[in-house]
Amino acid sequence: MPANIRPISQELAKVAKEELNEVPERIEKDLQVLREWIRKQPHLHARTDDQFLIAFLRGCKWSLERAKEKIEDFYTLRGRMPEIVKERDPLNEKTRKLIRCGVALPLPATETPGSPRIMLIRPGAYNPEKFTFTEVMKVGNMVSDFVMLNDDNTMIAGQIDILDLGNVIAGHFLQMNPGLVRKITLLTQKGLPMRQLETHCINTPPGFETLFNMFKGFVSEKQRNRIHIHGSNIEQLYRYIPKRLFPDEYGGEAGKIEEIINSWEQKLTSYADWFREDEDFYGVVESKRIVAYRDASQEFFGLNGTFRSLNLDLLAEKMAQIRPLSKELQAIAQEELNEVPERIEKDLQVLKDWLAKQPHLHSRTEDQFLVAFLRNFRYSLEKAKEMIDSYYSVRTAIPEMRKDRDPLNEKNREIVQTGYSLYLPKCAPGGPRIFLNRVSAFDPNKYSIYELMKVASMINDIAIMEDDNAVISGHIDIMDLKDLTMAHYSVFTPTVLKKLIMIAQQATPLHQKEIHYLHLPATMNTLFNVFKKYLTEKNGVKIYVHNNLESLQAAISSEFLPAEYGGQGGTIAEIAANWEKKLLEKREWFLDDEKYGTDEKKRRGPPRTAETMFGFEGSFRQLEFD
């Protein structure tokens, strides 16, 4: 554990490992990744101390990409809510009086050393004639920040809220206008790296149902299912949480509320300099933002901060999180791939439900990832399921392809720089992506075929997630076989070729439409005819042979080809440099991707192994070497 991170108990370490995917040996490296990313964001002035950053990694179950988004949300949302995060001075007399009201009190004890923290929320504890709801929420936000930095139980095991509505009067309800409620809900759900596990409501007054229905529209269905209403039956609450954990006033053994308030007053007061520094130095500068993020009046708070739609979050949740398509690609998706926009979300949910029931299969479930498989098979759910399984089975069976897919790895970078295998940057608006393979560009004495396949799979994975042309319109391959040596020939054994074909045809959701061979050596004619028959008869791939660049340019516009091929698509060195940059930008994604795959011991039915998929049985016996 890095020196700048507080040591945690054995119980919490177990929870962190099993529930949050925390790997102690990787913490320092991942924190450095976050710091480097923050440094490259000109608009973002974020804290970079280890204890702050690890809160986001833990809150996002160690997904670096989600942690980045959460840090962005944390600061961007606060920039939209100055009334809640500005002038947070615990030494201010009015603020101090509010702290002493004890509206939000994390209780001192947890059920076990590895259990969630209990947060007691008492809105009836403040006088609505003296304080506004905004001022109350400001103090609540101060408590949350202190907890985020200092309470490992909350940040690792999560938080359980007890909402005690005793002593709440009409004045409290009148202060809770929908606009402010929505802001607070968004700040809590999107802008804080904390796991809220349950909410228990007690001492609910008449009219509570109206308030509850208002809040209900702002939270996800998942969170709504975690809300429990106990009315005045506090004994029912104790079925969920041991009575001894509550303050004396609730019949527990945690001490008097006054004592708990005193403790929190001391904690917040000790952080006076921290709150002042936080306001002075950290936040976002929108004028320096490179990529548009969110518009506060529209996405976060509704038109002009009003509530024309109280269910924007729920609506967003119900919509598939898929990148919008161009008009050309949308037409192709609907006409050729049977895509029905209104049905996408339902079909994606079917895939997610199926994946949840596969004990052997640990797959990504992002909408953008899954829709690639649906599009590849014209929305045949059964075929999409089979390819998702094959996608991970093949990669598990070839560990050389999955091992160390770190774009910072020196060999990986060198292979990309050779320009051996690259998607070209230009293509027609609704046309297929062009994939250039320069087989002789690598040194077979320096790199193994599996190292090359690994880097090619990394480029393919980016295409699956980010290239709508490749996913919807497919790809056209250019195989340039110029200057092949015997050393190159020796690399492509029948087993290797079998693996390459299977990966391309059965385990990658990118439709191969055409292959254009350039500079085909006469010595390869026999093997070429075998594969031509296999690809054309079984997979419908159109194959063309070109003896010179003029022939290739007649088939593929020079507008899209690299300069070395007489085109206007940039030089190979430039294209390779752009791909190297893109891979480095996705580094966290690749590191996170290592956790996905298959556990063949848990598969229902015969396991899929390298031998069963690529061995002698079922390999090349069906190919006719005439």
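Because the structure is a prediction, the values reported are computed rather than measured.

Caption draft 1: Quick peek at the packing of helix 6 (residues 93–101) against helix 14 (residues 257–270). At their nearest, the axes of helix 6 and helix 14 sit 8 Å apart, and the two run at 145° to each other. The chirality of how helix 6 crosses helix 14 is right-handed. Between helix 6, through Arg96, Ile99, Arg100 and Cys101, and helix 14, the contact on the second element is made entirely by Glu258, Ile261, Asn262, Glu265, Leu268 and Thr269. For the contact of helix 6 with helix 14, the class distribution of residues is four nonpolar, two polar and four charged.

Caption draft 2: Here's a closer look at the sheet that holds strand 4 (residues 159–164). Taken in spatial order, the five strands of this open sheet run 2-3-4-5-6, and their pairing is mixed. Looking at the sheet topology across the chains shown, the edges are occupied by strand 2 (104–106) and strand 6 (227–231). Pairs of neighbouring strands in the sheet enclose a mean axial angle of 20°, with direction left out of account. Direction of pairing for strand 3 (residues 117–121) relative to strand 4: parallel, over a ladder of five bridges. Bridging across to strand 4, Leu120 finds its partner in Ile162.

Caption draft 3: Looking closely at the sheet that holds strand 10 (residues 433–438). In space, the five strands of this open sheet follow the order 9-10-11-12-13, with mixed pairing throughout. With partners counted over all chains shown, the strands left at the sheet margins are strand 9 (421–423) and strand 13 (542–546), one partner each. In this sheet, adjacent strand axes meet at a mean angle of 15° when their direction is disregarded. As defined by bridge partners, strand 12 (residues 512–518) adjoins strand 13 across five bridges and the pair is classed as parallel. Within the sheet, the bridge partner assigned to Glu514 lies in strand 13 and is Lys542.

Caption draft 4: Representation of the environment of Arg604 in the model. Looking at the secondary structure, you find Arg604 in the loop between strand 14 (597–598) and helix 32 (610–614). Residue classification places Arg604 among the exposed positions, given a relative accessible area of 62%. Separated by 246 residues in the primary sequence, Arg604 and Gln358 place their C-alpha atoms 8.4 Å from one another. Excluding residues that lie within four positions of it along the chain, Arg604 makes contacts with Lys357, Gln358 and Pro359. Within the local environment of Arg604, its side chain forms a polar contact with the backbone oxygen of Lys357, the two atoms lying 3.1 Å apart.

Caption draft 5: View of helix 6. Buried residues of helix 6: Thr95, Leu98, Ile99 and Cys101, and no others. Buried residues along helix 6 cover an arc of 150° about the axis, so they all sit on one side. Looking at the buried positions of helix 6, the neighbouring elements they touch are helix 7 (133–150) and helix 14. A side-chain oxygen of the first residue of helix 6 lies 2.9 Å from the backbone nitrogen of Lys94; this N-cap is Asn92. Once helix 6 finishes, Gly102 follows within two positions and takes phi at roughly 70°, a positive value.

Caption draft 6: A negative patch on the surface, seen in detail. Negative charge collects at one region of the surface, where Asp248, Glu249, Glu253 and Glu259 lie side by side. Relative to the elements of secondary structure, Glu249 occurs in the loop between helix 13 (234–237) and helix 14.

Caption draft 7: Quick look at empty space enclosed by the protein. A complete count under the given rule lists two cavities of 30 Å³ or more for this structure. In this structure, the second largest cavity spans a volume of roughly 40 Å³. Every residue lining the second largest cavity is listed: Pro407, Asn412, Arg413, Val416, Val455, Met458, Glu580, Leu583 and Leu584. Looking at the lining of the second largest cavity, the elements that each hand over two or more residues are helix 23 (410–418), helix 24 (449–466) and helix 30 (572–585). Along the lines of polarity and charge, the residues of the lining of the second largest cavity split into six nonpolar, one polar and two charged.

Caption draft 8: Broad picture of the nonpolar core. Counting residues in hydrophobic clusters, the biggest one holds 73 residues, and the most contacted among them are Ile71 and Ile162. A per-element tally of this core places helix 7 first, with 10 residues. Dropping the residues within four chain positions of it, Ile71 is found in contact with Leu34, Trp37, Ile38, Leu44, Ala46, Leu53 and Phe56. Of all hydrophobic cores here, the second largest spans 71 residues; its members include Met401, Phe442, Val455 and Ile572.

Caption draft 9: Spatial organisation of a positive patch on the surface. There is a patch of like positive charges on the surface, built from Arg378, Lys383, Lys513 and Lys542. Here Arg378 lies in the loop between helix 20 (367–376) and helix 21 (381–397). Residue classification places Arg378 among the partly exposed residues on the basis of a relative accessible area of 44%.

Caption draft 10: Main features of helix 1 (residues 10–20). Of all the residues in helix 1, the buried ones are Leu12, Val15, Ala16 and Leu20. In a view along the axis of helix 1, the buried residues occupy a sector of 100°, so they form one face of it. Of the residues in helix 1, the exposed ones pointing more than 90 degrees away from the buried face are Gln10, Lys17 and Glu18. On its buried face, helix 1 is in contact with helix 3 (50–59) and helix 8 (152–157).

Caption draft 11: Here's a closer look at the packing of aromatic side chains. Counted by the stated rule, this structure contains 21 aromatic pairs. Summarising the aromatic geometry, the rings of Tyr271 and Trp274 are spaced 5.7 Å apart at their centres and angled 40° between planes, so their arrangement reads as tilted. Here Tyr271 matches Trp274 in class, with each residue buried. Here the aromatic cluster, defined as three or more aromatic residues joined through ring pairs, consists of Phe146, Trp264, Tyr271, Trp274 and Phe275. The residue whose ring lies beneath Arg395 is Tyr391, and the NZ or CZ to ring-centre distance is 3.8 Å. Taking the ring centre of Trp579 as reference, the NZ or CZ of Lys582 above it sits at 4.9 Å.

Caption draft 12: Up close: the pattern of salt bridges. By the definition in use, this model includes 46 salt bridges. Of the charged contacts in the structure, one is a salt bridge between Arg96 and Glu265, with a shortest N-O distance of 2.8 Å. Of the two residues, Arg96 sits in helix 6 while Glu265 sits in helix 14, which places them 169 residues apart along the sequence. Glu265 sits in the buried class, given a relative accessible area of 12%. Residues joined in a network through salt bridges with shared partners are Arg364, Glu366, Arg405, Asp461, Asp592, Asp593 and Lys595.

Basis of the calculations
Residues numbered from 1 in each chain as written. Predicted model: local features only at pLDDT ≥ 70, side-chain atom pairs only at ≥ 80, totals over all residues. Heavy atoms only, no water. Axes fitted to C-alpha atoms, helices over the stretch in contact; angles between N-to-C directions. Helix = DSSP H or I, 4+ residues; strand = E, 2+ residues; numbered from the N terminus. Left-handed = near helix turned anticlockwise from the far one by under 90°. Contact = heavy atoms within 4.5 Å. Nonpolar A, V, L, I, M, F, W, Y, C, P; charged D, E, K, R; others polar. Pairing = 2+ DSSP bridges. Buried < 20%, exposed > 50% of the residue type's maximum accessible area, 1.4 Å probe, protein only. Polar contact = N/O pair within 3.5 Å; in protein donor to acceptor, adjacent residues only side chain to side chain. Arc of directions from axis to C-beta. Patch = residues over 30% accessible without salt bridge, like charges linked within 9 Å, V, L, I, M, F, W, Y side chains within 5 Å. Areas by Shrake-Rupley, 256 points an atom, 1.4 Å probe, with all protein chains shown as cover. Salt bridge = Lys/Arg side-chain N within 4 Å of Asp/Glu carboxyl O. Lys, Arg positive; Asp, Glu negative; His and termini not counted. Charge placed at Lys NZ, Arg CZ, Asp CG, Glu CD. 1 Å grid on protein atoms, 1.4 Å probe; cavity = no way out; pocket = protein on both sides within 12 Å on 5 of 7 lines; lining within 4 Å. Points joined across faces, edges and corners; volume = space filled by probe spheres on them. Core = buried A, V, L, I, M, F, W, Y, C linked by side-chain atoms within 4.5 Å. Phe/Tyr/Trp six-rings, centres within 6.5 Å; stacked < 30°, edge-to-face > 60°. Lys NZ or Arg CZ within 6 Å of the ring centre and 35° of its normal.

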